[in-house]
Amino acid sequence: MLKLDLSKLKGFIPEDHFAVRQDKLAKAAQMLANHSGPGGDFTGWVALPRDYDKEEFARIQAAAQKIQRQSQVLVVIGIGGSYLGARAVVELLCSPNYNLKKKDTPDVFFAGNGLSTDALLELIQLIGGRDFSVNVISKSGTTTEPAVAFRIFKAMLEEKYGKDGAKERIYATTDKARGALKGLADAEGYEEFVVPDDVGGRYSVLTAVGLLPIAVAGVDIAQLMAGAGQAMEELAADGPDNLAWQYAAARHALYQAGKKVELLACHEPNFRFFSEWWKQLYGESEGKEGKGLFPASVEFTADLHSMGQYIQQGERLMFETVVKFAPKGEFAIPDDPANVDGLNFLSGKPLAFVAEQAMRGTILAHVDGGVPNVLIELPAISPLSVGYLIYFFEYVCGLSGYLLEVNPFDQPGVEAYKKNMFALLGKPGYEDMKAELEAKL
Ligand code: PA5
């Protein structure tokens, strides 16, 4: 399914970079399989494509159909790991223009991923008088952004449909036993789905966290899981042929050779939010203890006209990972008898041919400019290929964290801003901190 080309790393990292890491990779793979490494309690995602809860999966599909029947809009409330995966997959498979399309599935809007008043007011306006449902996703139930958004949309639903009608339209994805949202969902009788204890937010796209919104958008989630399942089987094999091992070894060698930024590039505009998901996955997993590649992203060819200059000639900090999907259709470039733009040498050629040469030319230019390149090639964008890629990136991330000798499954740094925000907002219990912070402002 996936091809990995590391040939453009030659000269940037030692020839034996894989061999010197092979034992460590074998140990990392073992730790992931046995859940025995640092953060092992959060490695439930490793076997998820095989061991997922089949009963819940069927309920997700049924709930998606109910939402499709009842509503023209689904509002998905969540932040970070409780939001990025769903949006990444909906945009990649259904397009960032999904809500603008003529279709028989509901519009899907994402809320609770920020604190912008303008964005909230705009969303309320976009929903207008249409029927809507809400999927609130929060493991803890106390994360400020989604909790505030849920208050607002819950009240809107209750006003529109009454308390009983609203509870038929609210779906809570949360902890199976604890937390504020769990308590509320039990008390109100919302349909509930589980954020598994052993799967952290950024690895949760193939649980109910991602699957319910993705299914509502009409994606075949069984195919998504099948693609991930295929990756799981292939990447479980030990040794130098394992593509995840190869990519993890190369990333680590590049990092040690002074490349501090990994730039994820794709030539598909639909991929933009998938890059956001990828950034959280790698940023939160590797960025700790003063270590870790900084994950950044660009969309080509658009960003070649903005970031291209820096990539070509700025600080030599980065390597590039390009994700290339086969195109789904064909479009031939029209002839222009006047040849005003001088491009008639392209007349009749497929647009995909031009895109391919643009990609190849860019890779060669960047490598010449000191930016090593990793190329990942996949068949056309489909639930199967996307499921495969999700698992591939997750698995490489787990291996990479262990090569870096960090716990890839915790995120202690995320708490710092939350504490400051609570203190400044005057949350009870934070009084001393409030005074201290206000003196610094
Ligand atoms: O990856 C993570 O753990 C975070 O991004 C969380 O998913 C995010 O902070 C949301 O947390 P919660 O689901 O508890 O609202």
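Residues numbered from 1 in each chain as written. Predicted model: local features only at pLDDT ≥ 70, side-chain atom pairs only at ≥ 80, totals over all residues. Heavy atoms only, no water.

The full set close to the ligand counts 14 residues, and Ser82, Ser138, Lys139, Ser140 and Thr143 are the nearest of them. Ser138 has a polar side-chain atom sitting 2.6 Å from an oxygen atom of the ligand. Lys139 places a polar main-chain atom, nitrogen or oxygen, 2.8 Å from an oxygen atom of the ligand. If the ligand stood free it would expose 380 Å²; the protein chains cover 87% of that surface. Here the ligand occupies the largest pocket. Residue composition of the shell around the ligand, grouped by class: 1 nonpolar, 9 polar and 4 charged. (Near = heavy atom within 4 Å. Polar contact = N/O pair within 3.5 Å; in protein donor to acceptor, adjacent residues only side chain to side chain. Areas by Shrake-Rupley, 256 points an atom, 1.4 Å probe, with all protein chains shown as cover. 1 Å grid on protein atoms, 1.4 Å probe; cavity = no way out; pocket = protein on both sides within 12 Å on 5 of 7 lines; lining within 4 Å. Sits in = over half its atoms within 2 Å of the grid points. Nonpolar A, V, L, I, M, F, W, Y, C, P; charged D, E, K, R; others polar.)

A few words on the packing of helix H15 (residues 415-425) against helix H16 (residues 431-440). Across the interface, H15 lies against H16 with an axial gap of 8 Å and an inter-helix angle of 95°. Taken together, the axis directions place H15 and H16 in an arrangement best described as roughly perpendicular. Across the interface between the two elements, Lys419, Asn420, Ala423 and Leu424 from H15 touch Met433, Lys434, Leu437 and Glu438 from H16. Residue composition of the contact of H15 with H16, by class: 4 nonpolar, 1 polar and 3 charged. (Axes fitted to C-alpha atoms, helices over the stretch in contact; angles between N-to-C directions. Helix = DSSP H or I, 4+ residues; strand = E, 2+ residues; numbered from the N terminus. Parallel < 35°, antiparallel > 145°, perpendicular 65-115°, else oblique. Contact = heavy atoms within 4.5 Å.)

This part takes up the sheet that holds strand E10 (residues 373-378). Here 5 strands make up an open sheet; going across it, the order is E1-E10-E9-E7-E8 and the pairing mixed. Edge strands, defined here as strands with exactly one partner in the open sheet, are strand E1 (3-5) and strand E8 (294-299). Pairs of neighbouring strands in the sheet enclose a mean axial angle of 20°, with direction left out of account. Alignment of strand E7 (residues 261-266) against strand E9 (residues 318-325), held across 6 bridges, turns out to be parallel. Within E9, the residue paired with Glu262 across the bridge is Phe319. Packed on one face of the sheet, helix H13 (residues 351-368) meets E9 and E10 and runs near 160° to E10. (Pairing = 2+ DSSP bridges.)

A separate point is the side chain of Thr173. The residue Thr173 is located in strand E5 (residues 170-174) in this model. A polar contact of 3.1 Å, which involves the side chain of Thr173, links it to the side chain of Asn135. Leaving out residues up to four positions away in the same chain, Thr173 has contacts with Asn135, Val136, Ile137, Ser138, Leu181, Phe193, Val194, Val195, Ala208 and Val209.

As far as function goes, none of this settles anything; it's purely spatial.
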